[in-house]
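As a plain string of letters, each chain reads:
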There are 2 protein chains.
Amino acid sequence: MDFLTILGLFAGALTTIAFLPQMFKTWKSKSAKDVSFVMLITFMSGLLLWLVYGIALQALPIILANAISFIFNLIILCLKIRYKAN
Amino acid sequence: MDFLTILGLFAGALTTIAFLPQMFKTWKSKSAKDVSFVMLITFMSGLLLWLVYGIALQALPIILANAISFIFNLIILCLKIRYKAN
């Protein structure tokens, strides 16, 4: 694995784990009112496009970081919908 | 400009504008207590590494998206420090 891929993987790890607190906070507090629905959808659309971009470039760091970030934000979205219901 | 660059620029625009509401909310409410200091620093370090990665790859979308996101998060960080003081 070359230096650039390691650098990208490290960058991706940092920007991806930054979503964990928001995910846990939403899950623990059973509320997601401070998370804007529109921005969540905007951000997730962007992550999907970055995923396509990463696949096209065959850049593992971009693929991994955006796929995992998408999953984290999908969880936040599902929690937001669930807590909005009750 | 090739399709891939346009795709990357569009992805970057979506994931970058997603920070605007948090920036405005912090500025308007004059409070940043729901923004974790550690996660802000973690995220900004990741953005800087992505910036280096983008420069190394000479990928304009990665450079632009991460540079602008870094500036937005830097503003949130400065607001957080300022509002913490008073």
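All residue numbers here refer to positions counted from 1 along the written sequence of the relevant chain. Chain letters start at A and ligand numbers start at 1, both assigned in the order the entries are written. Restriction of local features to residues with pLDDT of at least 70 applies here, the model being predicted, together with a cutoff of 80 or more for giving and counting side-chain atom pairs; totals for whole chains, interfaces and linings are based on all residues. Excluding hydrogens and water, the side-chain values take into account all heavy atoms of the structure.

**Q** Got a minute to help me understand the overall build of chain A in this structure?
**A** Assigned secondary structure in chain A consists of four helices and zero strands. In terms of its C-alpha atoms, chain A occupies a principal-axis envelope of roughly 50 × 20 × 15 Å. Contacts were defined at the residue level, with two residues in contact if any of their heavy atoms lie within 4.5 Å. Nonlocal contacts in chain A, meaning residues at least 24 apart in sequence, comprise 71% of its contacts between residues at least 6 apart. Of the accessible surface of chain A, which amounts to about 4700 Å², a share of 75% is contributed by carbon and sulfur atoms. A run of H or I in DSSP counts as a helix once it spans at least four residues, and a run of E counts as a strand once it spans at least two, with each numbered from the N terminus. For accessible areas, the Shrake-Rupley method is used with a probe of radius 1.4 Å. Any residue's cover is judged against the shown protein chains and nothing else.

**Q** How do you make sense of the side chain of Thr15(A) when you look at a structure like this?
**A** On the secondary structure map, Thr15(A) appears in helix H1 (residues 3–17). Summary of the burial criterion: residues with accessible area below 20% of their type's maximum are buried, those above 50% are exposed, and those between are partly exposed, where the area comes from a 1.4 Å probe applied to protein chains only. Judged by relative accessible area, which is 8%, Thr15(A) ranks as buried. Here a polar contact is taken to be a pair of N or O atoms separated by no more than 3.5 Å, where protein atoms must pair a possible hydrogen donor with a possible acceptor and residues adjacent in sequence count only if both atoms sit in side chains. A polar contact of 3.3 Å, which involves the side chain of Thr15(A), links it to the backbone oxygen of Gly12(A). Excluding anything up to four places from it in sequence, Thr15(A) contacts Phe43(B), Gly46(B), Leu47(B) and Trp50(B).

**Q** For this particular structure, what's the right way to read the interface of chain B and chain A?
**A** Many structure descriptions define interface size as the accessible area lost when the parts assemble. Taken together, the contact pairs 30 residues of chain B with 30 residues of chain A. On the chain B side of the interface with chain A, the three residues burying the most area are Leu49(B), Trp50(B) and Tyr53(B), jointly 24% of the side's total. In this structure, the connection of chain B to chain A is made through two residue pairs in polar contact (both at pLDDT 80 or more). Put simply, the parts of the chain that give the side of chain B that touches chain A at least two residues each are helix H1 (3–17), helix H2 (20–29), helix H3 (37–57) and helix H4 (60–85) of chain B. Here the side of chain B that touches chain A takes twelve residues from H3(B), the largest share from any one element. In the scheme used here, Gly and all other residues not listed as nonpolar or charged are polar, with Ala, Val, Leu, Ile, Met, Phe, Trp, Tyr, Cys and Pro taken as nonpolar and Asp, Glu, Lys and Arg as charged. Classifying every residue of the side of chain B that touches chain A gives 22 nonpolar, six polar and two charged. When two parts are put together, the accessible area they lose, computed with a 1.4 Å probe and summed over both, is reported as buried area.

**Q** I tried to follow the UniProt feature "transmembrane region" (unreviewed entry) in chain A on my own but got confused; where do I start?
**A** UniProt positions are given in the numbering used here, feature names are shortened, and annotations may be inferred rather than shown by experiment. Following the UniProt record, the feature "transmembrane region" (unreviewed entry) maps to residues 6–24, 36–53 and 59–79 of chain A here. Secondary structure over residues 36–53 of chain A splits into 94% helix and 0% strand, and the C-alpha atoms at its two ends are 25 Å apart.

**Q** Explain the nonpolar core to me, please; I cannot follow it from the model alone.
**A** Burial of nonpolar side chains together is a common tendency in soluble globular proteins. Of all hydrophobic cores here, the largest spans 28 residues; its most connected members are Leu40(A), Phe43(A), Leu40(B) and Phe43(B). Contributions of two or more residues to this core are made by helix H3 (37–57) and helix H4 (60–85) of chain A together with H3 and H4 of chain B. Contact partners of Phe43(B), with chain neighbours within four places excluded, come to Leu14(A), Thr15(A), Ala18(A), Phe19(A), Phe19(B) and Asn73(B). Counting 15 residues, the second-largest nonpolar core is a separate cluster that includes Trp50(A), Tyr53(A), Trp50(B) and Ala65(B). Only buried Ala, Val, Leu, Ile, Met, Phe, Trp, Tyr and Cys residues count toward a nonpolar core, and they belong to the same one when joined by side-chain atoms within 4.5 Å.

**Q** Honestly, the confidence of the model for chain A in this entry has me stumped. Any pointers?
**A** Regions with low pLDDT carry predicted coordinates that are not meant to be interpreted in detail. The predictor attaches a confidence to each residue, called pLDDT, with possible values from 0 through 100. This prediction gives chain A a mean pLDDT of 89; 98% of its residues lie at or above 70. Looking over chain A, one finds the lowest element-wise mean pLDDT in helix H2 (residues 20–29) of chain A, namely 83, and the highest in H3(A), namely 93.

**Q** Sorry, what's going on with unusual backbone geometry here?
**A** Only a minority of non-glycine residues have a phi that is not negative, and only a minority of peptide bonds are not trans. With phi around 55°, Gln58(A) is a residue other than glycine that occupies positive phi space. Along the chain, Gln58(A) turns up in the loop between H3 and H4.

**Q** What is the right way to read a nonpolar patch on the surface from this model?
**A** Residue and element names in this part refer to chain A. A cluster of nonpolar residues, Met1, Ile6, Leu60, Leu64 and Ile68, forms a patch on the protein surface that exposes about 470 Å² of accessible area. The element that contributes the greatest number of residues to the nonpolar patch is H4, accounting for three residues. Assessed through its relative accessible area of 37%, Leu64 is described here as partly exposed. For patch detection, residues must exceed 30% relative accessible area and be free of salt bridges, and they are connected within 9 Å for like charges or within 5 Å for nonpolar side chains (Val, Leu, Ile, Met, Phe, Trp, Tyr). Salt bridges are counted wherever a side-chain nitrogen of Lys or Arg sits within 4 Å of a carboxyl oxygen of Asp or Glu.

**Q** Would you explain the relation of the copies chain B and chain A in this entry?
**A** One copy of the chain maps onto the other through a rotation about an axis plus a displacement along that axis. Fitting of the copies onto one another was done by least squares over C-alpha atoms, counting residues only where both copies have pLDDT of at least 70. Of the transformation superimposing chain B on chain A, the axial component is 0.0 Å and the angular component is 180°, with the fit at an RMSD of 0.0 Å. What the rotation and shift describe, once combined, is the action of a two-fold rotation axis. No C-alpha of chain B approaches the rotation axis more nearly than that of Asp34(B), which lies at 4.2 Å. Of the residues that chain B buries at the interface, 100% are likewise interface residues in chain A, meaning the two copies contact each other through the same surface.

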